[in-house]
Amino acid sequence: MADNSNELMDKLVALCKRRGFIFQSSEIYGGINGFWDYGPLGVELKRNIKDHWWNTVVRQRDDMVGVDCSIIMNPRVWEASGHVTNFNDPLVDCKGCKARYRADKVFTVEVKDGENMLLLAGVDADNADQAKAAATEKANSKTRRRLEEKGDSLAWNMFRADQAQGQTSRCPNCGQELTDARKFNMMFKTFVGAMEDSSAVAYLRPETAQGIFANYKNVLDTSRIKVPFGIAQVGKSFRNEINPRNYTFRSREFEQMEIEFFCHPKEADKWYEYWRDARYKWYVDLGLKSSKLHLRNHEKEELAHYARACADVEYEFPFGTSELEGIANRTDFDLTQHQKFSGRDMTYFDDETKEKFIPYVIEPSGGCDRATLAFLCEAYTEDQAPDEKGVMQTRVVMKFHPALAPIKVAVFPLVKKEGMPEIAQKIHQACKQANLVSFYDEKGAVGRRYRRQDEAGTPFCVTVDGQTLADQSVTVRERDSLKQERIPADKVVQYVQERIR
RNA sequence: GCGGGCGUAGCUCAGUGGUAGAGCGUCACGUUGCCAACGUGAAUGUCGUGAGUUCAAGUCUCAUCGCCCGCUCCA
């Protein structure tokens, strides 16, 4: 990674702290790894992102409804979803080179010719056949020739690191010994009820999706909605990530924006493509316009066993390209699992076609904190602007889409006298009454006040000046172009409202 | 969990075993006439924490906590 990328991230992190976007959680106690707080500007930014998402995918549509489910659910939910079994991946470490592997992806291959150890190697592989091929590939040419000549008459012993049963696993990288497989629990565990009783074990949800699946029948029975339709949810989820990293990108407590869209199996491909493209466009429309945004279709080998298709919306962060949102065709896997585990009927009956089926599910699942971070990275800009003497100075400006900007408008008296503060206050209060986040500032030189708003990403600054006293007009200064225009003071609210959509 | 780096003011960082510093920011007062103006003044520090060595530790040693980077997992 280039140094200037790290530099950009450092500058952004410093700005987020300095201006009150993001603080480290429990900072006064030294912080806690993987948890973050949003400050006064950050909470507005994140809320705007969530609101815009909710408006787009729920309120502006006829085929979508929302839910807000509890974070702690019946633990059986996580058995049905596969989280209890699948996400307790055992891991192994190399005692020599310190590499870490998923134990079910590492095979140790021993080949004996009588008493002679012909080959002893660790390999990355999904199954025994792959392991055999990989080990053969790895052997030197002389050994390989013997393997080919003698073939199955040799004694092959292959075992997965999580099924070693006392045998010593070998590192695929350096060949040295691996530790025994150790379990890592991805879910946060807790106890329901005041007594810490093992029968009361519960988990903080690792995704919001299961609350939607668990309520699929409730929503169908109460909202008069028909397939195809979707349920949306925004909420916190929790994962014991092995290693939180990259600022807020990989956190242990994070917020998701998830949709489960239920449709006829025959229409699943169509809806998958629809949502994939719609979700990508949402990010573009909100300002991730640059070449840093990508839509990447997963290769077949990448797909989870239940997914028929999957695509990621990815963003080129300074620390690397990473996923903001995944859109997957999850087939009828989840509803079928819940039907099996709960014993409840999850089929849908179509009155028109008289057909009964378990709907397929298209899941656009976005990381809200990740989106927030991407919008922050995209917004951070340094440009050149003239100072009072006309000398060009570096200006730091957060070029948020106006709809996302934490502060929509700042109102200043040019100077703190001649009745200008009073007029400016009136305009400020009018903006607040219209639910526009407005900031009033009368201190210091107006140039400094403009620049301060640039760092907060405020799209418009309104200034009351001498002319206002004569004709009730004010100047509006636009953040990115620095251009000013005069408008009537009583049109400020309307002016801003029209430009922040 | 392992390896490497780091921890001094709100931010960015100097600091040679001997009085705790700078720039920026913040606040107050004055000034102000549209892009980080100027003047005067002020506040802000358990030097991450705890031990140890020393006459004396921000500085040396050990431990510990936290952060950053790499490996593994993931939205």
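Per chain, residue numbering runs from 1 following the sequence as it is written. Lettering of chains starts at A and numbering of ligands starts at 1, both following the order in which they are written. Selection of residues for local features in this predicted model requires a pLDDT of at least 70, selection of side-chain atom pairs for listing and counting requires 80 or more, and totals for whole chains, interfaces and linings are taken over all residues. For the side-chain quantities, the full set of heavy atoms in the structure was used; hydrogens and water were omitted.

Here's the deal with the overall build of chain A
Along the backbone of chain A there are 15 helices and 26 strands. Each principal axis of the C-alpha distribution contributes one length, and for chain A these read about 105 × 65 × 50 Å. Burial classes follow relative accessibility: with a 1.4 Å probe on protein chains only, a residue under 20% of its type's maximum area counts as buried, one over 50% as exposed, and anything between as partly exposed. Residues classed as buried in chain A amount to 49% of the 501 residues present. Any two residues having at least one pair of non-hydrogen atoms within 4.5 Å are treated as being in contact. Restricting the contact set of chain A to residue pairs at least 6 apart, pairs at least 24 apart contribute 63%. Total accessible area on chain A is roughly 25400 Å²; 47% of this is exposed by carbon and sulfur atoms. This count recognises Lys and Arg as positive and Asp and Glu as negative, with His and chain-terminal groups excluded. The atoms used to mark charge sites are NZ of Lys, CZ of Arg, CG of Asp and CD of Glu. Side chains of chain A give 73 positive and 76 negative charges; the mean places of these two sets differ by 3 Å. Every helix listed is a DSSP run of H or I at least four residues long, and every strand listed is a run of E at least two residues long, numbered separately from the N terminus. Reported accessibility uses the Shrake-Rupley method at a 1.4 Å probe radius. Residues are deemed covered only where the shown protein chains occlude them.

Some remarks on the protein's contact with RNA strand B
Around RNA strand B, the surrounding shell holds 55 residues, and the nearest of these are Asn33, Asn243, Arg250, Glu323 and Glu418. For RNA strand B, the fraction of protein-proximal atoms (within 4 Å) that sit in sugar or phosphate groups is 54%. In the model, a phosphate oxygen of RNA strand B is placed 3.2 Å from a nitrogen or oxygen of the asparagine 246 side chain. We call two N or O atoms a polar contact when they sit within 3.5 Å, provided that within protein one can donate a hydrogen and the other can accept it, with sequence-adjacent residues counted only if both atoms are side-chain atoms. One of the side-chain nitrogen or oxygen atoms of tyrosine 450 is found 2.6 Å away from a base oxygen of RNA strand B. Nearness here has a simple test: a residue counts as near a molecule or strand if at least one of its heavy atoms is within 4 Å of that partner.

What to know about the sheet that holds strand E25 (residues 473-478)
Should DSSP find at least two bridges between two strands, the strands are regarded as paired. One open sheet accounts for 5 strands, arranged E23-E22-E24-E25-E26; its pairing is mixed. Looking at which strands have only one partner, the edges of the open sheet turn out to be strand E23 (438-440) and strand E26 (484-488). Averaged over all neighbouring strand pairs, the angle between strand axes comes to 25 degrees, with direction disregarded. Taken together, the 4 bridges between strand E24 (residues 460-464) and E25 define a ladder with antiparallel strand orientation. Looking at E25, one finds that valine 462 is bridged to valine 476. Axes, fitted as lines to C-alpha atoms, cover a helix only where it is in contact. Angles between the N-to-C directions of the axes lie from 0 to 180 degrees.

A short note on the sheet that holds strand E19 (residues 360-367)
Pairing between the strands of a sheet comes from backbone hydrogen bonds, and it takes one of two forms, parallel or antiparallel. Pairing is mixed across the open sheet formed by 7 strands, whose spatial order is E3-E12-E13-E19-E16-E15-E14. Two strands in the sheet have a free side with no partner beyond their single neighbour: strand E3 (64-66) and strand E14 (293-297). On average, adjacent strands in this sheet sit at an angle of 25 degrees to one another, irrespective of strand direction. Helix H9 (residues 268-285) rests against E3, strand E13 (253-263), E14, strand E15 (309-317), strand E16 (320-329) and E19 of the sheet, and its axis sits at about 145 degrees to E16.

Some remarks on the packing of helix H2 (residues 40-59) against helix H11 (residues 368-379)
At their nearest, the axes of H2 and H11 sit 10 Å apart, and the two run at 115 degrees to each other. Classed by the angle they form, the pair H2 and H11 counts as roughly perpendicular. Crossing geometry of H2 relative to H11 is assigned as right-handed. Contacts between H2 and H11 involve Leu45, Lys46, Ile49 and Lys50 on the former and, on the latter, Cys368, Asp369, Ala371, Thr372, Phe375 and Leu376. Under the grouping applied here, Gly and all other residues not named as nonpolar or charged are polar, the nonpolar ones being Ala, Val, Leu, Ile, Met, Phe, Trp, Tyr, Cys and Pro and the charged ones Asp, Glu, Lys and Arg. Tallied by class, the residues present in the contact of H2 with H11 amount to 6 nonpolar, 1 polar and 3 charged. An angle below 35 degrees is treated as roughly parallel, one above 145 as roughly antiparallel, one from 65 to 115 as roughly perpendicular, and anything else as oblique. Helix crossings get a hand from a simple test, with the near helix turned counterclockwise from the far one by less than a right angle marking a left-handed crossing and a clockwise turn marking a right-handed one.

Considerations on the pattern of salt bridges
A pairing counts as a salt bridge when a side-chain nitrogen of Lys or Arg comes within 4 Å of a carboxyl oxygen of Asp or Glu. Within this structure, the stated rule accounts for 25 salt bridges. A salt bridge links arginine 330 to aspartate 334, with the nearest nitrogen and oxygen atoms 2.6 Å apart. The class of arginine 330 is buried, set by a relative accessible area of 7%. Across the pair arginine 395 and aspartate 383 runs a salt bridge whose closest N-O atoms are separated by 2.9 Å. You can see arginine 395 sitting in strand E21 (residues 392-398) and its partner aspartate 383 sitting in strand E20 (residues 380-386), a full 12 residues away along the chain. Across this residue pair, the class does not change: arginine 395 and aspartate 383 are buried. Linked through salt bridges whose partners overlap, the residues forming this network are Lys46, Lys50, Glu255 and Asp369.

What about the confidence of the model for chain A?
Across chain A, the average pLDDT comes to 87, with 95% of residues at 70 or higher. Across the interface, the model reports ipTM at 0.82; the global pTM reads 0.85. Each residue carries a pLDDT score, the predictor's confidence in it, ranging from 0 to 100.

Focus on the environment of aspartate 221
With respect to the helices and strands, the residue aspartate 221 is situated in helix H8 (residues 216-223). Classification of aspartate 221 as exposed rests on a relative accessible area of 62%. Considering only alpha carbons, one finds aspartate 221 and isoleucine 500, 279 residues apart in sequence, at a separation of 38 Å.

Focus: the pairing of E26
Relative to E26, E25 runs antiparallel, the two sharing 5 bridges. Counted as the bridge partner of valine 474 is isoleucine 487 from E26.

Structural notes on the domain arrangement of chain A
Here the domain parsing of chain A yields domain 1 (63-87 + 187-376), domain 2 (89-184) and domain 3 (391-499). Here the C-alpha centre of domain 2 lies 36 Å away from the C-alpha centre of domain 1. Marked domain ranges trace back to an automatic or database domain assignment.

Brief notes about the packing of aromatic side chains
Two aromatic rings, drawn from Phe, Tyr or Trp (for Trp, its six-membered ring), form a pair once their centres lie within 6.5 Å of each other, and the interplanar angle then sorts them: stacked below 30 degrees, edge-to-face above 60, tilted otherwise. Scanning the model with the defined rule gives 20 aromatic pairs in all. Judged by centre distance (5.3 Å) and plane angle (80 degrees), the rings of tyrosine 274 and tryptophan 275 are edge-to-face. Look at tyrosine 315 and phenylalanine 317: their rings are 5.0 Å apart centre to centre, the planes differ by 80 degrees, and that puts the pair in the edge-to-face class. The exposure classification of tyrosine 315 matches that of phenylalanine 317, with both residues buried.

Details of H11
Between its terminal C-alpha atoms H11 stretches 16 Å, which fits the 16 Å expected from 12 residues at 1.5 Å a residue. Counting buried residues along H11, 10 of its 12 residues qualify, which places the element largely inside the surrounding structure. Taken together, the buried positions of H11 are occupied by Cys368, Asp369, Ala371, Thr372, Leu373, Ala374, Phe375, Leu376, Cys377 and Ala379. Here a helix's expected span is defined as the number of its residues, less one, multiplied by 1.5 Å.

Some details on the environment of tyrosine 495
Position of tyrosine 495 among the secondary structure elements: in helix H15 (residues 492-499). Distance from tyrosine 495 to valine 476, taken between C-alpha atoms, is 9.3 Å for residues 19 residues apart in sequence. Not counting the four nearest positions on each side in its chain, tyrosine 495 is found in contact with Phe460, Val476, Glu485 and Ile487.

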